[in-house]
Amino acid sequence: MKRVGVFVCHCGLNIAGTVDIKQVVEQASKHPDVAYAVDHRYLCSEPGQTLIKDAIRQHNLHAVVVAACSPAMHEVTFRNLIQTAGLNRHQCEIANIREQCSWVHDDNTTATSKAHIAVHQSVEKVKLDEPLDPITVPVTRRVLVIGGGIAGIRAALDVANSGYQVYLVEKTGSIGGRMAQLSETFPTLDCSICILGPLMAEVYRNPNIKLLRLSHVEEVNGYVGNFKVRVRQEPQYVDVTKCNSCGECTKVCPAEVPNEFDSGLTWRKAIYIPFAQAVPPAYVLDAKSCLGLLPRACGECEKACNKLGMSCINLDAAPEAHELEVGAIISATGYELYDAARLSEYGFGIYPNVMTSLEFERMLSASGPTSGLIRRPSDGHVPREVVFIQCAGQREPETALPYCSKICCMYTARHAMMFHHKVPDGQAYVFYMDIRAGGKGYEEFVKRCQEEKGLLYLRGRVAKIYEEGDKLVVKGVDTLSGKILEIRADLVVLALGMVPSQGSRQLASILKTSLDANGFFAEAHPKLRPLESPTSGIFLAGAGQAPKDIPETVAQASGAASKALNLVSHTTLEREPTVAKVTDQFCSGCGICIPSCPYEALSLNNSTKTIEVTEAVCEGCGTCVASCPSGALSLRNMTDSQLVSMITAAVSPK
Amino acid sequence: MEEMRSYLYFPGCSLRTVAKDFDTSAKASARALDLELREMQGWLCCGAVFTNLTENLITQAGPSRILGRAQAEGNTLVTLCAGCYNVLRRSSQRAELNRINQDQINAFNEERYYGGVTVLHLLEILRDKIGFEEIAKAVKAPLQGLPVGAYYGCLLLRPFREMRLDDPHRPSIIEKLLMSLGATAIDYPSRTECCGSYLGVGSSEIAKPLSSGIVQSARSCGAKLLAVSCPLCKYNLEVCQNLSTSADTDFVPVVYFTQLLGLALGLQPEQLELNSQQLHAIRSCARTALGKVSQ
């Protein structure tokens, strides 16, 4: 018979404030299998851990039940502990008497009796727990980073600088992402490209980073530590290694399309350089805008390049498939702006002087369409009255985005301040709902804009915008004074919400990981595991996970890189052995379980005609166990007999 | 056009009293499009604004009874008045969504109603069942050169989640109809603002600035005529002008969209109950087109 020890934690008053600890200990000691029961104020502390370790030795315990906080908090702590005391780490169960008991009950009697039941159930379970050894899998010591914005750049550099190889996959012609489009950054007003450019150059020079531009992930197979990834790279019509960015090809190109980098405010050719600081520093041919490659309609760029004796352009280039093997993947897919045309009350797309915040950003930029001068799109005049509308398309659960994009209060303050700097006799109005300026130096920055720069902050929303003559009439409300306002503005800037970038949904299904209700990548735990996706080995960084600003993105990227390094710095990997197992005698090989597995961990062995579990892939969710019609599948240390004895303990506690 | 299509029709109180012209012109125009508006049996007042003004369930008893009676005759009910449309469409959806409330409401009625009747506006029939292109083909006397401001007000469009007739801020359904009739649709900013509703009756000092603002906005953008789908909106938009001291030439007559539809389909002004003031405004702008009609 197993000798079980029960350790009950007070957690200060967190548990002891509601649960009668002495009574729980007393009742536990009456259980025939409990050889020893004791309580402690903080079991997770060093004295608390020593108490458990000593008790195991003194009372010759075979298994341990710790009645304390959620297993998500300290299961690993106590399992590590009993291992040092010579027990198998799976001979430890946690009875959650905090989150699921003391925190949710007021009544002492009910809470105490529930705590007793929880302890009793765990004793019943641990009695039947088998000793298990971790599953060992080899690790491919390389990392894939998806997305070449500031998050992907930071993560790739951190991994590469630790001596590991990185593939950086970027869908456009250059890395840099949204940050490359920004003019300044808040609250310090650093020039964005001046601080990003050097990092982009570093990526290009780093021998450990293989940069794949114009590429996207097409398929991911395998599992944590051993992913097999197929990346499709669009045809490289311009040879990155030969192109010296002379620009002769652009001069002769006849096709013109709106320039995405300038948010469509300028035009570019079909063969173009994404922006001056592009990395790789080479031209890109956009096949969709080209007059025709198959059959060849023009070919002027190729001729111009050949005339210079460069021959960088090959219009017959074919797409390339790259088969990559990596141990960890960092998804850093970034964001886009909410579609302003959907906010019909603001008339975006109808009135040329209603613009998005990103268009205004490009106009502020020294390398932008107006070389940093502020001009109205309709007539090129300098606007005097500018209205900034915060929360555009946000915090509107009924019609638009339900959430707050977090960065708009700050960048709008910066936009309004830059407008004030550039047009000192102009007037900026900012419509806001609340000012959310949580961050180092943020509140001070907004205050400075409001108090020193004479910006008019109006608390309320804009109901409608329409044109009258060459002015935009902005009808809104100032809820502080209770007045309806009508501002005759020259320009309106919409601070649009952030949405996950296009393709996130497809990528999530390729990565076999999940998105949240708003389409952002879901994290494994919102507080304790914010850098990890629910799928092992896939980490998250940047605004693809949730709206965030640059410092937070960089911090998360370094964190995700460190998590990935943590994984690939080992030659082998240990995984939890609490996975599904098949009892061959019962298995008919019907295969019902195979599609039920979300991780593709099950397969049919054609010679034995039974199911096999790929233990390295199984996450131990138990879905297959429930689907098996013959009871051949079970989950290690969560067997039917364990469940039954736990239920019995719950309904008739001893 | 294929065979005659028939729709169950709810006229409502106003269309039997102050807005007979709306009812007459709608039925006549519908016939010209091979559509029959078949009046439902035993209809009663929808409750107007009071129905959705409070959370008191008793206000839903009326619309629920109407919908229950309509269900005996069909699954689609067509309305004209924006107010009735708003009330019946929302009541029908609520009946479907909240069975518990509906149990209580049904306790007052002989008719057991749990949703199932789709309430449509005639505009929806024209757009979705016939199509504006088909209507354009049926036009005999195009309203060429007639600058009309479509006025939506609140009830056709809002609350958007329940009404879903068109974009609540930038609707286009009436404009598209007007353009298919050959008229010029005038875009003016106030076309979705509130006219003042019932305040026009009791508290005109509140309603008047609202409705005259709408007329001024339409006039300054070039509208010579306003097209509406609501008797109350029409009343407010007219009364505010009669009370104003502006010269007669500034007067912007208000017509129902069905009257313009009928005119373009070749019906005579008297079949559509157009008055002389309205006709004068139409004639002064669309002389050629109307020459054909009135000769």
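Residues numbered from 1 in each chain as written. Chains lettered and ligands numbered in written order. Predicted model: local features only at pLDDT ≥ 70, side-chain atom pairs only at ≥ 80, totals over all residues.

Along the backbone of chain B there are 14 helices and 8 strands. Against the 2.2 N^0.38 benchmark of 19 Å for 295 residues, chain B shows a C-alpha radius of gyration of 19 Å, consistent with a compact globule. Seen through its principal axes, chain B has C-alpha atoms that stretch 55 × 50 × 30 Å. Put simply, chain B has 295 residues, and 50% of those count as buried. Once local pairs closer than 6 in sequence are excluded, the contacts in chain B between residues at least 24 apart make up 78%. (Helix = DSSP H or I, 4+ residues; strand = E, 2+ residues; numbered from the N terminus. Rg over C-alpha atoms; globule rule 2.2 N^0.38 Å. Buried ≥ 20, exposed ≤ 12 C-beta atoms within 10 Å, placed from the backbone. Contact = placed C-beta atoms within 7 Å.)

Time to look at the domain arrangement of chain B. All names here are of chain B. Domain annotation of chain B identifies domain 1 (5–122) and domain 2 (131–294). In this structure, domain 1 and domain 2 have C-alpha centres spaced 24 Å apart. Taken together, the 24 residues of domain 1 in the interface contact 23 residues of domain 2. Going through the elements one at a time, helix H1 (20–32) and helix H3 (82–97) are the ones with two or more residues in the side of domain 1 that touches domain 2. Looking at the side of domain 1 that touches domain 2, the element that brings in the most residues is H1, giving 9 residues. (Domains from an automatic or database assignment.)

Geometry of a packed helix pair, given as the angle between the helix axes and the separation of the axes. Residues and elements named next belong to chain B. Their axes nearest at 9 Å, the elements helix H2 (residues 61–71) and H3 cross at an angle of 85°. Classified by the angle between their axes, H2 and H3 sit roughly perpendicular to one another. The residues of H3 that touch H2, namely those facing Pro-63, Ser-64, Ile-66 and Leu-67, are Val-87, Leu-88, Ser-91, Ser-92 and Ala-95. Residues of the contact of H2 with H3, tallied by class, amount to 6 nonpolar, 3 polar and no charged. (Axes fitted to C-alpha atoms, helices over the stretch in contact; angles between N-to-C directions. Parallel < 35°, antiparallel > 145°, perpendicular 65-115°, else oblique. Nonpolar A, V, L, I, M, F, W, Y, C, P; charged D, E, K, R; others polar.)

Once that is clear, we can look at the sheet that holds strand E20 (residues 354–356) of chain A. Residue and element names in this part refer to chain A. With parallel pairing, the 5 strands of this open sheet are ordered in space as E20-E27-E21-E22-E23. Looking at the sheet topology across the chains shown, the edges are occupied by E20 and strand E23 (456–459). Recorded for the sheet is a direction-independent mean angle of 25° between the axes of neighbouring strands. In terms of strand pairing, E20 meets strand E27 (residues 491–496) through 3 bridges, oriented parallel. Counterpart to Thr-356 in the pairing with E27 is Leu-494. (Pairing = 2+ DSSP bridges.)

Within an α-helix, residues lying three or four positions from one another point in the same direction, as the helix has 3.6 residues per turn. All names here are of chain B. Taken as a whole, helix H4 (residues 99–106) has its buried residues at Gln-102, Ile-105 and Asn-106. One side of H4 holds all its buried residues, which, seen down the axis, span an arc of 90°. Facing away from the buried side of H4 by over 90 degrees, the exposed positions are Ile-100 and Asp-103. Contact partners of the buried residues in H4: H2 and H3. (Arc of directions from axis to C-beta.)

Turning to the pairing of strand E26 (residues 483–489) of chain A, a few remarks are in order. With 7 bridges connecting them, strand E25 (residues 471–478) of chain A and E26 of chain A associate as antiparallel partners. Counted as the bridge partner of Gly-476 of chain A is Leu-485 of chain A from E26 of chain A.

Residues and elements named next belong to chain B. If you trace the backbone, Gly-12 turns up in the loop between strand E1 (5–10) and H1. Note on Gly-12: 26 C-beta atoms within 10 Å, which makes it buried. The spacing of Gly-12 and Trp-43 is 31 residues in sequence and 7.7 Å in space, taken between C-alpha atoms. Beyond its immediate stretch of four places on either side in the chain, Gly-12 contacts Cys-46, Thr-79, Cys-81 and Cys-84.

Turning our attention to the nonpolar core. One finds Leu-88, Val-148, Ala-227 and Leu-260 of chain B to be the most contacted residues of the largest nonpolar core, which totals 85 residues. Top contributing element to this core by residue count: H3 of chain B, with 6 residues. Counting the residues that make up this core, at least three belong to each of domain 1 (5–122) and domain 2 (131–294) of chain B. When neighbours within four sequence positions are excluded, Val-148 of chain B is seen to be in contact with Leu-178, Ala-183, Thr-184, Ala-185, Ile-186, Ala-223, Leu-225, Ala-227 and Leu-260 of chain B. The next biggest cluster of nonpolar side chains, apart from the first, holds 83 residues, and it includes Ile-146, Val-169, Ala-282 and Ala-328 of chain A. (Core = buried A, V, L, I, M, F, W, Y, C linked by C-beta atoms within 7 Å.)

Taken domain by domain, chain A comprises domain 1 (4–132), domain 2 (142–233 + 321–334 + 504–568), domain 3 (248–307), domain 4 (336–499) and domain 5 (576–636). Distance between the C-alpha centres of domain 1 of chain A and domain 3 of chain A: 68 Å.

For the rest of this paragraph, the subject is the interface of chain A and chain B. When the parts of a complex come together, some accessible area is lost, and that lost area is often taken as the interface size. At the junction of the two partners, chain A supplies 5 residues and chain B supplies 6 residues. Tallied by class, the residues present in the side of chain A that touches chain B amount to 1 nonpolar, 2 polar and 2 charged.

Before going further, it helps to examine the confidence of the model for chain B. Predicted coordinates in areas of low pLDDT are best not read in detail. Residue and element names in this part refer to chain B. Averaged over chain B, the pLDDT score is 91; the fraction of residues at 70 or greater is 93%. Note on residues 291–295: pLDDT is under 50 here. Beyond four places in sequence and across chains, it has 6 contacts. Both scores are given for the predicted complex: the pTM is 0.82, the ipTM 0.84. (pLDDT = per-residue confidence, 0-100.)

In this section: the environment of Thr-54 of chain B. All names here are of chain B. Considering the arrangement of structural elements, one finds Thr-54 in the loop between strand E2 (35–39) and H2. Judged by the 9 C-beta atoms lying within 10 Å of it, Thr-54 is exposed. Considering only alpha carbons, one finds Thr-54 and Thr-17, 37 residues apart in sequence, at a separation of 27 Å.

Right, let's talk about the sheet that holds strand E1 (residues 4–9) of chain A for a bit. Residues and elements named next belong to chain A. One open sheet holds the 4 strands; their spatial order is E2-E1-E3-E4, and the pairing between them is parallel. One side of each edge strand has no neighbouring strand; the edge strands of this open sheet are strand E2 (34–40) and strand E4 (92–96). Geometrically, the sheet is characterised by an average inter-axis angle of 15° between neighbouring strands, direction not taken into account. Of the pairings in the sheet, the one linking E1 to strand E3 (residues 63–68) comprises 5 bridges and is parallel in character. Residue pairing across strands places Val-4 opposite Ala-63, the latter belonging to E3. On the sheet, helix H3 (residues 46–58) packs against E1, E2 and E3 and is oriented at approximately 165° with respect to E2.

With that out of the way, let us pick up unusual backbone geometry. With the exception of glycine, most residues fall at negative phi, and the peptide bonds are largely trans. Residues and elements named next belong to chain A. Residues Phe-186 and Pro-187 are joined by a peptide bond in cis, for which omega reads -10°. Structurally, Pro-187 can be placed in the loop between strand E8 (184–185) and strand E9 (190–191). A cis amide bond, omega 0°, links Leu-294 with the succeeding residue Pro-295. Examined against the element boundaries, Pro-295 turns out to sit in the loop between strand E16 (284–285) and helix H10 (300–307). Of note in this structure, Cys-391 is not a glycine but carries a positive phi near 60°.

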